[in-house]
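# What the coordinates show
The lines below spell out each chain.
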Amino acid sequence: MSTRLPAPARREQILAVAVEVFSVDGYHNTSMNEVAEAAGVTKPVLYQHFDSKRELYRALLDEVGERLLTAITEATATVTDGKSRTEAGFLGYFRWVAEDHASFRLLFGGGARRDDEFSAAVRRVTAAAAGAIAPLIEVEIDEERKLMLAHALVGLAEGASRMLVDHGEVFDPDEVASAVSGLAWAGLRAVQRDA
């Protein structure tokens, strides 16, 4: 049994461990006993913080999604031109993935997509990421089209990350971000010329 922690610290510790546990076997194949054991707590302590496995998993999706959004927002906060914003946004995303494969797998793995409620949580994260990116797109087009392009950029980053994480590769996020942002920036410039 681990040292007695204040309730908020214990909750954070459980969430941190649960990301790792659920990312390996998914929601359906992971038990609360496994989470409790990995966290070094008893099952009753686990249930003091989360009423059910479902509640714990929802909290994880929210937490992981928030970390992803923070990574993108912080990365783009200080840059001012379109190309730099594109590079910085992808860099923030790929650094997050490189540093935390488990969170990426939890959020974008198949397990979350097979359940309507969890799938909706992932769609909210994706929509929030696209919503944060859309205003950074400096193209003279209507807002709805900017949002569509922002969703495409999120999908581009997710697809590249999925390949890297699924292959278990250790990758240089700066190198991947440079390549993917170059592709994205070329596309955005083409949209601007067509607008």
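Everything discussed here concerns the structure shown above.
This text gives an overview of the structure that appears in the document. (Residues numbered from 1 in each chain as written. Predicted model: local features only at pLDDT ≥ 70, side-chain atom pairs only at ≥ 80, totals over all residues. Heavy atoms only, no water.)

### Details of the side chain of Ser-181
How we decide: Only DSSP runs of H or I covering at least 4 residues are called helices, and only runs of E covering at least 2 are called strands; the numbering of each starts at the N terminus. N or O atoms closer than or at 3.5 Å make up a polar contact, with two conditions inside protein: a donor-capable atom paired with an acceptor-capable one, and, for residues adjacent in sequence, both atoms drawn from side chains. Contact definition: two residues touch when any of their heavy atoms are within 4.5 Å.
Mapped onto the elements of the fold, Ser-181 is located in helix H10 (residues 173-194). A polar contact of 2.7 Å, which involves the side chain of Ser-181, links it to the backbone oxygen of Ala-177. Contact partners of Ser-181, with chain neighbours within four places excluded, come to Thr-86, Glu-87 and Phe-90.

### Here's the deal with the pattern of salt bridges
What counts, and what does not: We define a salt bridge as a side-chain nitrogen of Lys or Arg found within 4 Å of a carboxyl oxygen belonging to Asp or Glu. Buried residues are those whose accessible area, probed at 1.4 Å on protein chains only, stays under 20% of the maximum for their type, while exposed residues exceed 50% and partly exposed ones sit between those limits.
Overall, the coordinates contain 9 salt bridges when judged by the stated rule. Across the pair Glu-117 and Arg-58 runs a salt bridge, and its minimum N-O distance is 2.9 Å. Placement of Glu-117 in helix H8 (residues 116-133) and of Arg-58 in helix H4 (residues 53-76) is noted, with a sequence separation of 59 residues between them. Residue Glu-117 is classed as partly exposed on the basis of its relative accessible area, which comes to 31%. Arg-58 sits in the partly exposed class, given a relative accessible area of 31%. Note that Glu-138 and Arg-85 form a salt bridge whose closest N and O atoms lie 2.9 Å from each other. Here Arg-85 lies in helix H5 (residues 82-99) and Glu-138 lies in the loop between H8 and helix H9 (143-166), a separation of 53 residues in the sequence.

### Here we look at the packing of H4 against H8
Note the cut-off: Helix axes are fitted only over the stretch in contact, all axes being lines through C-alpha atoms; the angle between N-to-C directions runs from 0 to 180 degrees. Throughout this description, any angle smaller than 35 degrees is read as roughly parallel, any larger than 145 degrees as roughly antiparallel, any in the 65 to 115 degree range as roughly perpendicular, and the remainder as oblique. Crossing chirality is assigned from the near helix's rotation relative to the far helix, an anticlockwise turn below a right angle marking it left-handed and a clockwise turn marking it right-handed.
Axis separation between H4 and H8 bottoms out at 10 Å; the angle between their running directions is 15°. Taken together, the axis directions place H4 and H8 in an arrangement best described as roughly parallel. When the axes of H4 and H8 are compared, the crossing they make is right-handed. Of the residues in H8, those touching H4 at Arg-54, Tyr-57, Arg-58, Leu-61, Gly-65, Leu-68, Leu-69 and Ile-72 are Glu-117, Phe-118, Ala-121, Val-122, Val-125, Ala-128, Ala-129 and Ile-133.

### Description of the packing of aromatic side chains
To keep it simple, the criterion reads: Planes of paired rings set the category: under 30 degrees apart is stacked, over 60 is edge-to-face and the rest tilted, where pairs are Phe, Tyr or Trp rings (Trp by its six-membered ring) whose centres lie within 6.5 Å. Ring-over charges, as used throughout, are those where CZ of Arg or NZ of Lys falls within 6 Å of the ring centre and within 35 degrees of the ring normal.
A full pass over the atoms with the stated rule returns 10 aromatic pairs. When the centroid spacing of 4.6 Å and the interplanar angle of 55° are considered together, the rings of Tyr-57 and Phe-118 count as tilted. With Tyr-57 in helix H4 and Phe-118 in helix H8, this residue pair connects regions lying 61 residues apart in the sequence. Of the residues examined, Tyr-57 reaches a relative accessible area of 2% and is grouped as buried. Taking NZ or CZ as reference, Lys-53 lies 4.5 Å from the ring centre of Tyr-27, over its face.

### Quick look at the environment of Ala-36
Summarising the element assignment, Ala-36 is placed in helix H2 (residues 32-39). In this structure Ala-36 comes out as buried when scored by relative accessible area, which is 4%. In contact with Ala-36, other than residues within four places in its own chain, are Val-41, Thr-42, Lys-43 and Leu-46.

The values are spatial; any link to function lies outside them.
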